[in-house]
Structure formats: structure tokens, C-alpha cells
Amino acid sequence: IMLGENNLHSIDEFKFLNGKMLKRVYIGRNKINFLHKNAFITVRNLENLNLEQNSLQIINSEQFILTNKLDFLDLNHNNIYKIEENAFRGLEESLI
């Protein structure tokens, strides 16, 4: 799913509730400054997530906990100043 350049500001809880089979999500080039901790919790087949060029500031603890198939995560060109402990928990085996 391609959602780039849509002036999005946040990704709320369960926003992808019906996206269980999604493998690739591009949400780059928006103005996202908030990712709910459970934004991607139902997207368990997610392999590629691109959040480049947004306004993210914090990566929450266990943000990607149930996305253990994720092998590509792009957070380039954000305003991240804080990555909480265990933010990438569950991705130890999938991200290189």
C-alpha cells in the first residue's frame, strides 16, 4: 500500500486492522509525528515499512513487537530524538 505524500500527521491505534495480509507499506514523505504503539500490531505479515521523511520524534517501546517478519524498516530523515528501550524488540532475527 502506498500512502506517501498525503499530508498524514499520525498513525492511530489499529489503523491497519483489516490489513493482515499487507507485506509492504509506504508512508514516507508525510508529516507523521505520532505512531500509536499499536499502529502495526495487526499487520503480522509486514515485511517492508517505509516511514522516511516524516516528523517522527519518538520510537515507542515495543513499537514493532508483532511485526517479526519485518526485514526492511526505513526511518531516515525524521526528527527522532528518543528511542525507548525495547523499541525494536521482536525484530532481532528479521532485521539485519
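See the structure printed just above.
Chains are numbered independently. Their residues run from 1 in the order of the written sequence. Given that this is a predicted model, residues contribute local features only at a pLDDT of at least 70 and side-chain atom pairs are listed and counted only at 80 or more, while totals for whole chains, interfaces and linings are drawn from all residues. Just so you know, side-chain values use all the structure's heavy atoms and leave hydrogens and water out.

Concerning the side chain of T67
Cut-off, in case you're wondering: Only runs of H or I of at least four residues qualify as helices and only runs of E of at least two qualify as strands under DSSP, and these elements are numbered from the N terminus. With a 1.4 Å probe rolled over the protein chains alone, any residue whose accessible area is under 20% of its type maximum counts as buried; one over 50% counts as exposed, and the rest are partly exposed. Counted as a polar contact is a pair of N or O atoms within 3.5 Å, where, for protein atoms, one must be capable of donating a hydrogen and the other of accepting one, and residues adjacent in sequence contribute only when both atoms are in side chains. Contacts are residue-level and defined by heavy atoms, with any inter-residue pair within 4.5 Å sufficient.
Considering the arrangement of structural elements, one finds T67 in the loop between β5 (58–59) and β6 (72–74). For T67, a relative accessible area of 1% corresponds to the buried category. Polar contacts involving the side chain of T67 include one to the main-chain carbonyl oxygen of F64, which spans 2.7 Å. Every residue in contact with T67, bar those within four places of it in the chain, is listed here: F40, V43, L46 and L91.

Some thoughts on the packing of aromatic side chains
So the rule is basically this: Note on ring pairs: Phe, Tyr and Trp rings are taken, using the six-membered ring of Trp, and paired if centres are within 6.5 Å. Classes follow the plane angle, with under 30 degrees stacked, over 60 edge-to-face and the rest tilted.
Considering all chains together, one arrives at three aromatic pairs under this definition. A ring pair is formed by F64 and F88, whose centres lie 6.0 Å apart and whose planes are at 5 degrees; its orientation type is stacked. Of this pair, F64 sits in the loop between β5 and β6 while F88 sits in the segment after β7 (82–83), placing them 24 residues apart in sequence. Taking relative accessible area as the criterion, F64 reaches 1% and is therefore assigned buried. Clustering of aromatic rings is evident, with ring pairs tying together F16, F40, F64 and F88.

Focus on the sheet that holds β6
Filter applied, for reference: The criterion for strand pairing is that DSSP finds at least two bridges linking the strands in question. Orientation is described by lines fitted to C-alpha atoms, with helices fitted over the stretch in contact, and by angles between N-to-C directions that extend from 0 to 180 degrees.
With parallel pairing, the three strands of this open sheet are ordered in space as β2-β4-β6. Two strands lie at the open edges of the sheet, namely β2 (24–26) and β6, each paired on one side alone. Geometrically, the sheet is characterised by an average inter-axis angle of 5 degrees between neighbouring strands, direction not taken into account. Sheet analysis places strand β4 (residues 48–50) next to β6, joined by three bridges and oriented parallel. Its bridge partner lying in β6, N50 is registered against D74.

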